[in-house]
Amino acid sequence: MNITPEVVAAHQLTAAEYQRIIELLGREPTLTELGIFSVMWSEHCSYKSTRVHLKKLPTDSRYVLQGPGENAGIIDIGDGVAIAFKIESHNHPSFIEPFQGAATGVGGILRDIFTMGARPIAVMDSIRFGPLDDPKTGDRNRHILEGVVSGISHYGNCFGVPTVGGECVFDTSYDGNPLVNVFALGVFRHDEIFYGKATGVGNPVIYVGAKTGRDGIHGASMASAEFTEESKQKRPNVQVGDPFMEKLLLEACLEAMKTGAIVGIQDMGAAGLTSSTCEMGSRAGTGIEIDLQYVPQRETGMTPYEIMLSESQERMLLVAEKGREQAVYDVFKKWGLDAVQIGVVTPDGLLRIKNHGEVVAEIPNRALADEAPKYQRPFTKPLRPAPLDGPTVRSSDLKGDLLKLLGSADLCSKRWIWEQYDHQVRTNTVAGPGYDAAVVRIKESGTSVAMSLDGNGRYCSLDPRLGTKLIVAECCRNLSTVGALPIATTNNLNFGNPERPEIMAQIVESIEGLAEACRVFEVPVTGGNVSLYNETLGTPILPTPVVGIVGVLPTALPVSSSFTEEGLSVLLIGGFGNSDWQQFGGTQYAKVIENSLWGVPPALDMDYEKRVQETVRTLVRERIVSTAHDLGEGGLAVAVAEASFGPARIGADLELDSNLPSELALFHEGPSRILVATGDPEGVILAARKNGVEALKIGVTVSGIVRISKPDSVLMEASISELFEPWSEYLPGVFQAAVIS
Amino acid sequence: MTVGVVVFPGSNCDHDAHFAFRNSLGADAKFIWHDSDSLGDVDAVILPGGFSYGDYLRTGAIAKFSPVMGAVKRFAENGGPVLGICNGFQVLTEAGLLPGALVRNAGLKFVCRTVPLEVSSTSSAFTQGLEKGQVLRLPVAHGEGCYIADAATLNELESEGRVVLRYRDNPNGSVNDIAGIVNRERNVLGMMPHPERAADPLVGGTDGLAILRALLSPEAFHSPLLAVSHT
């Protein structure tokens, strides 16, 4: 087949990129070589639009054992124990085939963790969809959500990893482009860490796991293009997952690693056999020669092009020490898995692919893995998507507003979703779904690990830089509220088409905001994922960076996130916060009650935020408070309602001596605030003062109701059951109604 | 005193059961690989939760053919205590060690939730530390936990006091709210809820400990007194 400009374009390579390939090879590529370049140089694999900016992120601290560039970041948590964690997106596949798209998203990130030698012990997911009750698109959006949730549930539950938390958000911009970002975390000892390096010339290159089929060919390039009407034809590009196979692969890999015969190992994720071979070679500065005739195949008649580009799931590539292969084969045989030598490590730095002895591709590993084009794409200032000033907000029914907020898609209970996930398997879940952050104990040490996943597309659309900083602050605040010290970050940058300067501007601002906040909060970035071209028919998603931060804490039962008994003092650490009408435009109140978006995100004083977090960590760890709950979306009123939904059905009677207008006092989303209940208010105030932080006593816990007043009037009073109903019924109701109609 | 935890390919609560016995009860526990046709020297057997052989075909349907199940059958026939949890319960019904079957939840979705359960019979050594009517809070986590059986079998189970645990708030549509049953000889218990997930005050409470602890007195399962006094 001739390589015409059309063929080059069909591989989503530009003419200039094709010229670069010719320079690197010193000749025209074969079709197989072109396919190999096209996946390795795709946005998904090469980060070509963002690499120059990602360099700005802080990546080091005394806890970091492995920063970006490996399959996952690694953090030291003491006692000789480390954790590996990372986030990955599977946005495009989940739109085309929600169940398999989400399931294989889970599978892919789990392999990233156990390929490093760590046993996965927790998963979280951040998922975003179009509105579920929209008359036009609701049907499809519900179908996508149900598919995604059952895909995650199917894969994670069967594999045996608990799904301990996450977020689920709705916006019309995700209508034709849902987001599925999956985070996984694993644990191991320092001496059990493995890397994806093909070291030792002459060592055998071994293929293990599932057989190779035609599924997922060009998945990585698909994830690097916008959706069009033709996308619906791309269904064969989506891979099919088998969590049982993955579970066997996990156990076999961990057991094989213990033999001491494995030199390096990497999963075959995006770009399958291509990325695993050239990346392992490139990291070690070696070459790899394989012969495709030895690759276990599920279908007959596959071409070298198809075998190299297949994204069949549940496969790994490993390099064993020559002479000790048998120990590896024995383990895989025990688990009933294929393990076949397909090649050998060479000294020449080349990826040499043979088929029945005939060379079909020969490319320097570095050209593929490290010399992918890097673009300094032009960017403007981010476009302002909404006016600075919004409608006049004057509520006539604050209680009615709270009920609407509690029963809205973003703020309602997500129990309907998380009960479909096994969140307890492995018996480590100290705090699961429903807490501000998940806490998982580490059996290997006396420590626990906390984790939180957050995003906010509305804030980021108004100001990507400040919006991203607010997300980092929120994530760290969630961790601090369960008593954990935040130590490291992973991130998933979900944006539109980077070739548009206004979208590129969002990306740059967001990355710079992330860099700045991660420096201040001392949470270096150890890895992550970039998902671009999230557009359908020219409409981009809201800029949606999703941040996952992990923290450490001594193993102990956390304090409750809900009120536990009557008669305790309720305090607001951090004070009432500042807000104004412009800063109100990105809130849930603006979205749900005013059906609008305007203004700027809430102001953030990172130094103050840090001191608030320090304060709450002390209060929680020393158990000076019996309840701690972070104020987030929906502001104070929503936080108080949520804190009242515990099994004890204890609410609060609060008096807000604030100058803010009532709507702002109840619903503004200014950061740096945490609600606590305590029998020792003086102790709380003292601890706050030490950190230069305000702690206001705003009321007491009471049985059965929530009442919020100003000094001269009652703003709202409601029974807890009245508040609980819309909150708990929205999601089941939406799906119930769909069945009936 | 050793508890054997069977490991099928796809078992994923095997480590949890092992940990509960060793860590919470200070007992000795060991894993038994599925292709072993002997249990070795064990005093009680756990068939753990998970997705044995991927639960392809039907839950537990392939596991019943594994070599270890022959050994488990012989062990049970000789009066040894066997506890099947979740997928283990499904395997026991498929293998014919317990009657009835477990099918798709009535809600058609996987459900993971801590539920109240009533101890509805104390006619076996599994409940030696419990009282009739006592309420335990244990987690369930399954997609196919709806217990069904024909009328004659149900009648037999009920009249012989072999329904050990019942849901207070049925999460899966099980007939008669059945959450756990024993065999006629009362040495094989199958239950969908997970006692090993409620064996530590730090995670899930300790309501599951009484049932696990019962396995550490295997002699109680051989006691003719118990069998006589409750039939």
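Structure's up top.
Below is a summary of the structure that appears in this document.

Reading guide: rules and limits
Residues numbered from 1 in each chain as written. Chains lettered and ligands numbered in written order. Predicted model: local features only at pLDDT ≥ 70, side-chain atom pairs only at ≥ 80, totals over all residues. Helix = DSSP H or I, 4+ residues; strand = E, 2+ residues; numbered from the N terminus. Rg over C-alpha atoms; globule rule 2.2 N^0.38 Å. Core = buried A, V, L, I, M, F, W, Y, C linked by C-beta atoms within 7 Å. Buried ≥ 20, exposed ≤ 12 C-beta atoms within 10 Å, placed from the backbone. Contact = placed C-beta atoms within 7 Å. Pairing = 2+ DSSP bridges. Axes fitted to C-alpha atoms, helices over the stretch in contact; angles between N-to-C directions.

1. Brief notes about the overall build of chain A
A count of helices and strands for chain A gives 25 helices and 28 strands. Here the C-alpha atoms of chain A give a radius of gyration of 26 Å, agreeing with the 27 Å that 2.2 N^0.38 yields for 741 residues. Its C-alpha atoms put chain A at 90 × 50 × 50 Å along the principal axes.

2. Observations regarding the nonpolar core
Residues and elements named next belong to chain A. Residues Ala 438, Ala 450 and Val 550 are the most contacted members of the largest nonpolar core, which totals 312 residues. Top contributing element to this core by residue count: helix 19 (residues 501-520), with ten residues. Among all residues touching Val 550, those that are not within four sequence positions of it are Ile 75, Ile 83, Phe 85, Leu 185, Val 449, Ala 450, Met 451, Ile 487 and Ala 488.

3. Examining the sheet that holds strand 25 (residues 674-678) of chain A
All names here are of chain A. Taken in spatial order, the seven strands of this open sheet run 23-25-22-26-24-27-28, and their pairing is mixed. Only two strands of the sheet have a single neighbouring strand rather than two, namely strand 23 (627-630) and strand 28 (713-719). Ignoring strand direction, the axes of neighbouring strands in this sheet form an average angle of 20°. Note that strand 22 (residues 569-573) and strand 26 (residues 695-703) share five bridges and pair antiparallel. Across the sheet, residue Ile 573 finds its bridge partner in strand 26, namely Ala 695. Of the strands in this sheet, strand 23 and strand 25 touch helix 18 (residues 464-481), which is tilted by about 170° from strand 23. This element, helix 22 (residues 635-643), spans strand 23, strand 24 (650-655), strand 25 and strand 27 (705-710) of the sheet and lies at about 140° to strand 23.

4. Quick notes on the sheet that holds strand 15 (residues 438-441) of chain A
Sheet strands line up and pair through hydrogen bonds in the backbone, either parallel or antiparallel. Residue and element names in this part refer to chain A. As summarised here, the arrangement of the six strands in space is 14-15-16-21-17-18, forming an open sheet in which the pairing is mixed. Among the strands making up the open sheet, the edge pair consists of strand 14 (429-431) and strand 18 (525-531). Averaged over all adjacent pairs, the angle separating strand axes in this sheet is 25°, with direction ignored. For strand 16 (residues 447-455) and strand 21 (residues 544-554), the ladder comprises nine bridges, and the chain directions are antiparallel. Opposite Thr 447, over in strand 21, you have Pro 554 as the bridge partner. Sitting on the sheet, helix 18 is in contact with strand 16, strand 17 (485-494) and strand 21, with an inclination near 25° to strand 21. Docked against the sheet, helix 19 engages strand 17, strand 18 and strand 21, running at close to 175° with respect to strand 17.

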